[in-house]
Amino acid sequence: MSLLKTTLSAIAPADQALTGEVSARLSTVMEGDDTTLGQARQLLLRYLAIAGERHPQPPEKCTVICCADHGVAAEGVSAYPPETTVQMTRNYLISRGAAANAFAEYADSELVVVDMGIAADTSDVPDLVDARIAAGTQNMAKGPAMTRQQAIQSIEQGIAIAEKLIDEGIDCLLPGEMGIANTTASAAITAVFCHQSAEVVTGRGTNISDDRLQKKIGIVRKALAVNQPDAQDGLDVLAKVGGFELGAITGLILAAAAHHKAVILDGANTGAAALIAQSLAPACTDYLLASHLGSEKSHAFTLKQLGLTPVMQLDLRLGEACGSSLLTTMLEMALSAWDVLDHLPQDPIETPFHHEYMPRMVPKVTDKTFDFYLHTMQELDHESMELCQQRLDNLAKPIYSLGYLEQIAVETAGIIGDELPECGMDRAILCFTGRITNPLQDQLTAAFTGQAGAEVTMAHLKEDLPPTAAFDFGREHAEYLSISYPLLGLAMTELDENVPLGTAASELRAALLNPDGSLRYPADSFLQEAPEAYQPLIGAFIGAIIAAAHNSSFILLDDEATEIIARYTELLCPDVRPYILHLQPALLTMGITCPGGLIASLGMGLVEAALHILNDMRTFAETRVAVASDGP
């Protein structure tokens, strides 16, 4: 029996019995609330079903970048010349300055680079895995990209690579790819399996111009018409409109499923490979995790066909395991939280929080106090921002291809006044709370912030004191923390420890937002319209935002309640806006309603990844990679 057939016969659905047990336990410990953790809960359940263990160790990860050339590149569908494939392969393993290198470093993942069919001599590239099928595929606009036997061979090469890694202890694969014109192939694959037209699924790939996009759409349409790939036969689709690297990723997925290991998908190209794998073994999708929704048009159709829900929307358009690397840290946070939850109430973990209590005396807070912060707010360092943006624009990647992570990097540079801010910035969370906190909330906060490496200050508000006193309390402690911590998460817990988690957000939404989510009141009157019990909390939060921005900390928001207060604060004081990072639902689509710093902790991972891009990637000049011929 061939390797492919042996692998397919070994694929069975993931362990849903374990999922049921864990789901029931989560419902018990969360007191019947199955929505508070949002998609973090689904991510956890899916991974535990894959691992087949109630408490698996954190995943051992390997980023596998599969490289191959495409004959259809001759049609001019990419802004980059075909030789970019081999240049980037050298970048991965010689210059080590690609996004794949930066994100592997961020995720603490091994990096393996595979030659599946580069149309150039790669004998000078150290540590390159040789799995070459041929010197690139044929031009699919004129006929099949490869033979059926080559399609099988490419998949089996991927299977062999995955099995070797699994034997070495890897249990989570992060596939990526490099191959000029491969988004043309993935668009065609998606069109076939998702029954869509070329116009609907073909995107800009390397950020090509409008004219080139129209040409690319025409080439995808032509390839489908010329080859007539059979949607019922995954090998036929791969052979006619695929690529060798996409076949290898198909093999990685199938092997991982056969061995009950996880694969975290990145963007449109890994998704297209997953469609081929799904057609060959439908159960393999149980072993897939979706990371983000990319900007390539085909990606949404792919994820829907696979039945997967992404948890980030970062406008990424680069297939070097960027989004999947980000998801690994989120998965590790979810696993850490589950380890804590499953041992409650008998064995809670220590919560090493620093506690501050609001004094009973009412300080004198006047308009002059407020005006001082408003009129002495520092401007961002625009020179540092411009230099940072110039560096990003010259890194060896398609321009703007790292989406919102690039914006985060530029904003960080402007806030701290350094064009190249270092990785590992000191970070803290200031969490406003009532007199007593919910023990379950404390445990969740400790689990997430511990994984994020953030110091936590619990700032306890007192009842029956005016919002001005709370404003001064929040101002004072944010000012103190922002001196030492350039990365500051602002969060809150429920003021009443006995109410369900997420209550404050729902009550502030009802009181302060219109049905369409817009702000209901003017900035100067919204505080009086808020429920009285929340007015001190709002006052403290406003004080914290203004003081932290004044001291040039990058402010990461948390749950919806913090988002609502921050939006009103931005109306009161527009100068704070550049210092605030809105996370959910703008960047994270996890639907977490639990307060207490969980979302802010996840956001710290995004900032850290942005800094790895700046510090670990190299420019086109440094890596000798060709630049784009058109596009923005």
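Residues numbered from 1 in each chain as written. Predicted model: local features only at pLDDT ≥ 70, side-chain atom pairs only at ≥ 80, totals over all residues. Heavy atoms only, no water.

### Some remarks on the sheet that holds strand S1 (residues 61-68)
Overall, parallel pairing links the 6 strands, which are arranged S3-S2-S1-S4-S5-S6 in an open sheet. A strand with exactly one partner marks an edge of an open sheet, and here the two such strands are strand S3 (129-130) and strand S6 (288-290). Across the sheet, helix H4 (residues 84-95) is in contact with S1, strand S2 (110-117) and strand S4 (172-178); its angle to S4 comes to roughly 140 degrees. Helix H11 (residues 244-258) rests against S1, S2, S4, strand S5 (262-265) and S6 of the sheet, and its axis sits at about 150 degrees to S1. (Pairing = 2+ DSSP bridges. Helix = DSSP H or I, 4+ residues; strand = E, 2+ residues; numbered from the N terminus. Contact = heavy atoms within 4.5 Å. Axes fitted to C-alpha atoms, helices over the stretch in contact; angles between N-to-C directions.)

### Overview of the environment of Leu-331
Mapped onto the elements, Leu-331 comes out in helix H14 (residues 322-341). On the basis of relative accessible area, Leu-331 is assigned to the buried category, the value being 0%. In the structure, Leu-331 is positioned 113 residues away from Gly-218 in sequence and 40 Å away in space, judged by C-alpha atoms. Apart from residues no more than four positions distant in its own chain, Leu-331 is found in contact with Leu-43, Tyr-47, Pro-59 and Leu-289. (Buried < 20%, exposed > 50% of the residue type's maximum accessible area, 1.4 Å probe, protein only.)

### Overview of the packing of aromatic side chains
Enumeration over the complete set of coordinates arrives at 3 aromatic pairs. Between Tyr-80 and Phe-620, the aromatic rings sit 6.4 Å apart at their centres with planes inclined by 25 degrees, giving stacked as the arrangement. Highlighted residues: Tyr-80 in the loop between S1 and H4 and Phe-620 in helix H25 (residues 620-623), separated in sequence by 540 residues. A relative accessible area of 8% means that Tyr-80 is categorised as buried. Phe-620 gets classed as buried once you look at its relative accessible area, which sits at 10%. Centroid distance Phe-432 to Phe-541: 5.8 Å. Interplanar angle 55 degrees. Geometry classified as tilted. Taken together, the residues span a long stretch of sequence, with Phe-432 in strand S8 (residues 427-433) and Phe-541 in helix H22 (residues 535-550) at a distance of 109 residues. (Phe/Tyr/Trp six-rings, centres within 6.5 Å; stacked < 30°, edge-to-face > 60°.)

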